[in-house]
Every structure is written in C-alpha cells, then in structure tokens.
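Coordinates in review
Below, each chain spelled out in residue letters.
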Amino acid sequence: KDLEKLANLTSFPVYVGLEGAGAVETKEEFLALGADQVFTQALTDSVAAANLDALSPSMAGFVLSDGSAANIIFSVQNGKLAVSGINY
C-alpha cells in the first residue's frame, strides 16, 4: 500500500477508475488522491489473490487481479512495462 512506489511504476497520464478521478495527468495528481482512496479493500484483495503463475504477458501487457473488476493493468508505455490503468 505504498502509493509512492505505485506511482513510480505508473506511466502518466493514467486511468484511475475512482469516482471523480478518470485520467490522472501527473504523479503529483495521483499522489494527491491518497493511499486510502487508491488502495481500496476490493483492489488490495484482488491483487493479493492474483495467480501470478497464470499471468500471460504480451506486448499488450497484462491485468493483475483475481478475475474481479478491481485490477491493475500493466502495459508497455514508452518502451517499458508500466501501470496504465487501475479499475475498481
């Protein structure tokens, strides 16, 4: 639940599916959302239960979740793997 570390893995702008968030343009805007708002129980439970061995990464990236709607999307952004979306 380290928002700074998550921000460092993120490519901006990033989609954050929180009410009122949408496209978050900068790291500073992302950090201003606050860890309590970003790391919902549904998101942390979904990511914690994700089966890492079943991930099938591709050039399009992968979705880190237990199969529920709450997830973190990773994709290749500017030549490196980065968070490109967070859904709730």
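You'll find the structure just up there.
Here's a quick rundown of the structure. Treat the numbers as computed from the prediction; the structure is a model and nothing was measured. (Residues numbered from 1 in each chain as written. Predicted model: local features only at pLDDT ≥ 70, side-chain atom pairs only at ≥ 80, totals over all residues. Heavy atoms only, no water.)

Notes on the sheet that holds strand β5 (residues 80-87)
- Read from one edge of the open sheet, five strands run β2-β1-β5-β4-β3, paired in mixed fashion. In this open sheet, the two strands that pair with only one neighbour each are β2 (22-24) and β3 (62-64). Pairs of neighbouring strands in the sheet enclose a mean axial angle of 25 degrees, with direction left out of account.
- Bridging between strand β1 (residues 10-16) and β5 involves three bridges; their strand directions are parallel. Its bridge partner being in β5, Y15 is matched across the sheet by G85.
- Together, β3, β4 (71-77) and β5 form the strand contacts of helix α4 (residues 41-48), whose direction differs from that of β4 by roughly 65 degrees. (Pairing = 2+ DSSP bridges. Helix = DSSP H or I, 4+ residues; strand = E, 2+ residues; numbered from the N terminus. Axes fitted to C-alpha atoms, helices over the stretch in contact; angles between N-to-C directions. Contact = heavy atoms within 4.5 Å.)

Here we look at the nonpolar core
- If you look at the biggest cluster of nonpolar residues, it comprises 20 residues, and the most contacted ones within it are L6, V16, F30, I72, V83 and I86.
- Every element with two or more residues in this core is listed here: α1 (3-8), β1, β3, β4 and β5.
- The element contributing the most residues to this core is α1, with three residues.
- Non-local contacts of V83, meaning those with residues more than four positions away in its chain, are made with L6, L9, T10, S11, V14, I72, I73 and F74. (Core = buried A, V, L, I, M, F, W, Y, C linked by side-chain atoms within 4.5 Å. Buried < 20%, exposed > 50% of the residue type's maximum accessible area, 1.4 Å probe, protein only.)

Details of the pairing of β1
- Two strands pair when backbone bridges link them, and β1 and β2 are joined in this way by three bridges, in the antiparallel orientation. In the strand pairing of β2, V16 is matched with G22.
- Between β1 and β2, which pair antiparallel and follow one another directly, the connecting turn spans five residues, one of which, G20, has a positive phi of 85 degrees.

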